[in-house]
Amino acid sequence: MIGQRKIEYKNNGQLRIMAEAGVLLSRALDAAVAAVAPGVSTDELDTAFADVVDAAGAQYNFLGYFGYPKHICVSVNDEVVHGIPGQRKLRDGDILSIDGGCIVRGWNADSARTVIVGEGDPEDLRLSEVTRKAMWHGIAAFGRGTHVGDIGDAIDDFVTAQPGAPLGILEDYVGHGIGSQMHMAPDVLNYRTGHRGAKIKPGLALAIEPMLVRGSIETKVLDDEWTVVTTDGARSSQWEHSVARHSDGIWVLTAEDGGASELEPLGVTPVPIPA
């Protein structure tokens, strides 16, 4: 189709480098999450993350991206994505997503986690857990499916089947292909559309990242031209992993076990990327 973006398919050697970047990213996110506590600034989380990446001699894909000024995004409460770390101090009960990325020998990794400060509101805990599980259902669909649209179908079906207050699936921001660049074709929707999307083939790597809210899915961008917030002030959650489909199966690049602990209960066994 004229104007359609070309999808990049990686060989196993390239995917293995992406897995190196993914493991490093996971450890850097571990450090940022460990630093979360009341009274800690979001800038301190940025520093904790950067210390790990710097020690490994890797590069950043967020820093300088269209002028973005920090190493990670930290989005608090009604901030959905792209929150800029700064002097804001975390408070007990805050819910925040930490979204980061890095580059190893030219290949990208991208991942995000939601963290709740202190005990938290039970509905925020539910929001985060449903988002996290929805991500894993989407990843499982990538492992067993035939088209990228299967991922959004699986996420939507899981979220809408949950008991309790309905949660909104953000539509303005979606997952994406990843590889030699951080954001690439194809888009990975988190909701059912009736379109099958691109065919899943070996060498395809995707960042699968559902974003859920406790209210309306309408958003706006703040004056800093980065931070996206819900228009109704409802709280949000984001979880994300970079995942590869290769000749022998699926591997979660940003999970140290390739996703085995979460995928096997869903009937999918990840397979290490062959040499």
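Higher on the page you've got the structure.
Report follows, based on the coordinates. (Residues numbered from 1 in each chain as written. Predicted model: local features only at pLDDT ≥ 70, side-chain atom pairs only at ≥ 80, totals over all residues. Heavy atoms only, no water.)

### Observations regarding the pairing of strand β3 (residues 95-104)
Okay, so step 1: Among the 10 residues that make up β3, 10 are buried, leaving the element largely enclosed by the rest of the structure.
Okay, so step 2: Residues I95, S97, D99, G101 and I103 point to one face of β3 and L96, I98, G100, C102 and V104 to the other, with burial holding for every one of them.
Okay, so step 3: Relative to β3, strand β1 (residues 72-76) runs antiparallel, the two being bridged by five bridges. Within β3, the position partnered with I72 by the bridge is G100.
Okay, so step 4: As paired elements, β3 and strand β4 (residues 107-116) share 10 bridges and run antiparallel to each other. Within β4, the position partnered with G100 by the bridge is S111.
Okay, so step 5: With antiparallel pairing between neighbouring strands as the criterion, β3 and β4 make up a hairpin whose turn holds two residues, including R105 at a positive phi of roughly 45°. (Buried < 20%, exposed > 50% of the residue type's maximum accessible area, 1.4 Å probe, protein only. Helix = DSSP H or I, 4+ residues; strand = E, 2+ residues; numbered from the N terminus. Pairing = 2+ DSSP bridges.)

### Side note on the sheet that holds β3
Whether parallel or antiparallel, the strands of a sheet pair through hydrogen bonds between backbone atoms.
Okay, so step 1: Taken in spatial order, the three strands make up an open sheet running β1-β3-β4, and their pairing is antiparallel. In this open sheet, the two strands that pair with only one neighbour each are β1 and β4. Averaged over all neighbouring strand pairs, the angle between strand axes comes to 15°, with direction disregarded.
Okay, so step 2: Each of β3 and β4 is contacted by helix α1 (residues 12-34), which is oriented at about 30° to β4, the strand it contacts most. (Axes fitted to C-alpha atoms, helices over the stretch in contact; angles between N-to-C directions. Contact = heavy atoms within 4.5 Å.)

### Structural notes on the environment of V148
Okay, so step 1: Examined against the element boundaries, V148 turns out to sit in the loop between α3 (122-144) and α4 (149-160).
Okay, so step 2: Judged by its relative accessible area of 4%, V148 is buried.
Okay, so step 3: For V148 and P186, which are 38 residues apart along the polypeptide, the C-alpha to C-alpha distance reads 8.1 Å.
Okay, so step 4: For V148, the residues in contact, after removing those within four places along its chain, are P186, D187, V188, R196, G197, A198, I200, L204 and L206.

### Points about the sheet that holds strand β11 (residues 228-230)
Okay, so step 1: Pairing in this open sheet of three strands is antiparallel, and the strands run β2-β11-β10 from one edge to the other. Of all strands in the sheet, those with a lone pairing partner are β2 (79-81) and β10 (219-221), marking the two edges. Strand-to-strand twist of the sheet, defined as the mean angle between neighbouring strand axes without regard to direction, takes the value 40°.
Okay, so step 2: Relative to β11, β10 is paired through three bridges, and the arrangement is antiparallel. Paired with K220 across the two strands is V229, which belongs to β11.

### Regarding the packing of α1 against helix α2 (residues 42-56)
Okay, so step 1: Put simply, α1 and α2 touch, their axes get as near as 7 Å, and they point 145° apart. Classified by chirality, the crossing of α2 by α1 is right-handed. For the pair α1 and α2, contact is made by L24, L25, R27, A28, L29, A31 and A32 and by L45, A48, F49, V52, V53 and A56, respectively.
Okay, so step 2: The residue makeup of the contact of α1 with α2, split by class, is 12 nonpolar, no polar and one charged. (Left-handed = near helix turned anticlockwise from the far one by under 90°. Nonpolar A, V, L, I, M, F, W, Y, C, P; charged D, E, K, R; others polar.)

### Details of α4
Okay, so step 1: Here α4 contains 12 residues, and its C-alpha end-to-end distance of 17 Å stays within 8% of the 16 Å for a straight helix at 1.5 Å per residue.
Okay, so step 2: All buried positions along α4 are accounted for by G149, I151, G152, D153, I155, D156, F158 and V159.
Okay, so step 3: Those residues of α4 that are buried lie in contact with α3, β5 (168-169), β7 (184-188), β8 (204-208) and β9 (211-213). (Expected span 1.5 Å × (residues − 1).)

The analysis is restricted to geometry; functional conclusions fall outside its scope.
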